[in-house]
Amino acid sequence: MIQVKSFENGFKYIEVTNDIASAKIALQGAHIYEYKCKGKDDILWLSETSSFEDGTAIRGGIPICWPRFGSLDESLPAHGFSRTSKFELLGAQEISRTLTEVTLLLKDTKESRALWDVAFELEVIFRVGETLKVEMKTINRDKKEFMITQALHTYFSVSSIADVKIFGLEEKPFLDTLKDEESSEKKEISIDAECDRVYQDVDRDIVLKDKNRTIILKAEGSSSAIVWNPWIEKGSRMSGMRADAYREFVCIETANAFNDFRLIKPQESHTLSVILSS
Ligand code: BG6
């Protein structure tokens, strides 16, 4: 079943239910904020104090950072403008009893042109089934080449941040944005303090393990990834989350960030995607 629903304030989302999984996807930001397989807990973390209202990004789920990841470009909002832009529903179909596909579309508007003077289409395709696939396809509809950086900023729900181990990024170079230092580590990642790292040369699946489960991230069109947890001090200053929420999630972001930026020629496209399975 595919239904378009709204909160009391008119904030719209799409609810998908099939024989194996269910999901909720907000039209603002093409933002999936719930994905559950039957009999299992949600793999996505959602802050119970998040807003669901126009103009504010949902805290949790998979925010889409586009056409910029981060805040290096001062002419654009941090993580770009797609998080708070309203997408249209381009198509939705029940491919089988256990697989549903939803496609959302964002095109340039007067408002986006004022921030970023480019003609574009951004299609975000969700495949909800035994696994969750999210695909971001950027199409250049302009006469000039343009550059993007982007991320699927996934908040994973974890038993406790103390139990988390992340595999697949060993030996990969990363920028520790807290120290502004390049580094790499031999071992898998454990987190016991604020962590904000942009990894490059990512060429393997990333595996997230906690006490209860293992989640595999299979990315395409990406060779960078961000591992982020705000920890106590930053977490207590952040909008839309409780001060101690840092214990409950870790963000592993499938990206085209920093050196992994992409140039897209007129009428060409670039697709970034991730498949999440547990
Ligand atoms: C991460 C960044 O991707 O997103 C962090 O690496 C940032 O530096 C975090 O704090 C959350 O950003 P925001 O804009 O959603 O609060």
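Quick caveat, the model's predicted, so the values are computed rather than measured.

(A) The arrangement of the site of the ligand in detail. Within the structure, the ligand sits among Arg-59, Phe-69, His-79, Arg-83, His-153, Asp-196, Ile-226, Trp-228, Lys-234, Met-238 and Glu-253. A distance of 2.6 Å separates an oxygen atom of the ligand from a polar side-chain atom of Asp-196. Coverage of the ligand by the protein amounts to 80% of the 390 Å² it exposes when considered alone. Grouping the constituent residues of the shell around the ligand by class yields four nonpolar, two polar and five charged.

(B) Local environment of the sheet that holds strand 21 (residues 269-277). Across the sheet, eight strands lie side by side as 6-7-8-9-21-17-16-12; this open sheet has antiparallel pairing. In this open sheet, the two strands that pair with only one neighbour each are strand 6 (88-96) and strand 12 (165-167). Going across the sheet, the axis of each strand differs from the next one's by a mean of 15°, ignoring polarity. Here five bridges tie strand 17 (residues 214-220) to strand 21, and the two strands are oriented antiparallel to one another. Across the sheet, residue Ile-216 finds its bridge partner in strand 21, namely Ser-277.

(C) Region of the structure containing the packing of aromatic side chains. Summed over all chains, the structure comprises 21 aromatic pairs. By the ring-pair criterion, three or more aromatic residues cluster together here, those being Phe-7, Phe-11, Tyr-13, Tyr-33 and Phe-52. Its end group placed over the ring of Phe-167, Lys-209 keeps NZ or CZ at 5.7 Å from the ring centre.

Rules used in this analysis
Residues numbered from 1 in each chain as written. Predicted model: local features only at pLDDT ≥ 70, side-chain atom pairs only at ≥ 80, totals over all residues. Heavy atoms only, no water. Near = heavy atom within 4 Å. Polar contact = N/O pair within 3.5 Å; in protein donor to acceptor, adjacent residues only side chain to side chain. Areas by Shrake-Rupley, 256 points an atom, 1.4 Å probe, with all protein chains shown as cover. Nonpolar A, V, L, I, M, F, W, Y, C, P; charged D, E, K, R; others polar. Pairing = 2+ DSSP bridges. Helix = DSSP H or I, 4+ residues; strand = E, 2+ residues; numbered from the N terminus. Axes fitted to C-alpha atoms, helices over the stretch in contact; angles between N-to-C directions. Phe/Tyr/Trp six-rings, centres within 6.5 Å; stacked < 30°, edge-to-face > 60°. Lys NZ or Arg CZ within 6 Å of the ring centre and 35° of its normal.

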